[in-house]
Amino acid sequence: MPAEAIRFQRRLGARDRWLIALLVGGMVLATVITLIVGRVGDDSTTTGSGAGCVSVSRASWMGNATLRYCGDEAVAYCRKTGIGQFAAGHPESVAACRKAGLLPTP
């Protein structure tokens, strides 16, 4: 009889069952914690703009990029967007700046 077959003839002991139960319980607990933290965590990736903030989702060479600027950075970004230097051809940037009140409406 091969050695592997002999190993399967032995029943699991109490210590083995406790170890398996602890491992499974730890995985379940880690999954629950991960789900709770994921739902409660900061949702800063939304495309809405807050007061004085601009948030725009754009395609980049690595995939989707969310640009979020607030305060002076938002003013500088919208100034560049308004004259077409930074976000030329990206109407969502212009719309987000107008929504935040940082660019005049046409």
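One can find the structure itself at the top, above this paragraph.
Along each chain, residues carry numbers from 1 onward, in the same order as the chain's sequence is written. Given that this is a predicted model, residues contribute local features only at a pLDDT of at least 70 and side-chain atom pairs are listed and counted only at 80 or more, while totals for whole chains, interfaces and linings are drawn from all residues. Only heavy atoms go into the side-chain values, all of them from the structure, while hydrogens and water stay out.

With that settled, consider the nonpolar core. For our purposes a nonpolar core is just a set of buried Ala, Val, Leu, Ile, Met, Phe, Trp, Tyr and Cys residues, chained together by side-chain atoms within 4.5 Å. Buried residues are those whose accessible area, probed at 1.4 Å on protein chains only, stays under 20% of the maximum for their type, while exposed residues exceed 50% and partly exposed ones sit between those limits. Counting residues in each nonpolar core, the largest one holds 9 residues, listed as Val54, Val56, Ala74, Tyr77, Cys78, Val94, Ala96, Cys97 and Leu103. Runs of H or I in DSSP of at least four residues are treated as helices and runs of E of at least two as strands, each being numbered from the N terminus. For this core, the secondary-structure elements that each account for two or more residues are β1 (53-60), α3 (72-83) and α4 (91-99). Whether two residues touch is decided by their heavy atoms; if any such pair falls within 4.5 Å, the residues are in contact. Each residue touching Ala74, except ones within four places of it in the same chain, is listed here: Gly52, Val54, Tyr69 and Leu102.

Turning our attention to the state of the cysteines. The definition used for a disulfide is geometric: two cysteine sulfur atoms within 2.5 Å. Per the stated rule, a full pass over the model turns up 2 disulfides. Each sulfur of the disulfide joining Cys53 and Cys70 lies 2.0 Å from the other. Because the torsion about its S-S bond is 115°, the bridge between Cys53 and Cys70 counts as right-handed. Residue Cys53 is located in strand β1, and its partner Cys70 is located in strand β2 (residues 63-70); the two are separated by 17 residues in the primary sequence. Judged by relative accessible area, Cys70 falls into the partly exposed class, the value being 33%. With a sulfur-sulfur separation of 2.0 Å, Cys78 is cross-linked through a disulfide to Cys97. Measuring the twist about the S-S bond at about -85°, one finds the Cys78-Cys97 disulfide to be left-handed. Of this pair, Cys78 sits in helix α3 while Cys97 sits in helix α4, and the two are 19 residues apart along the sequence. Residue classification places Cys78 among the buried residues on the basis of a relative accessible area of 0%. On the basis of relative accessible area, Cys97 is assigned to the buried category, the value being 0%.

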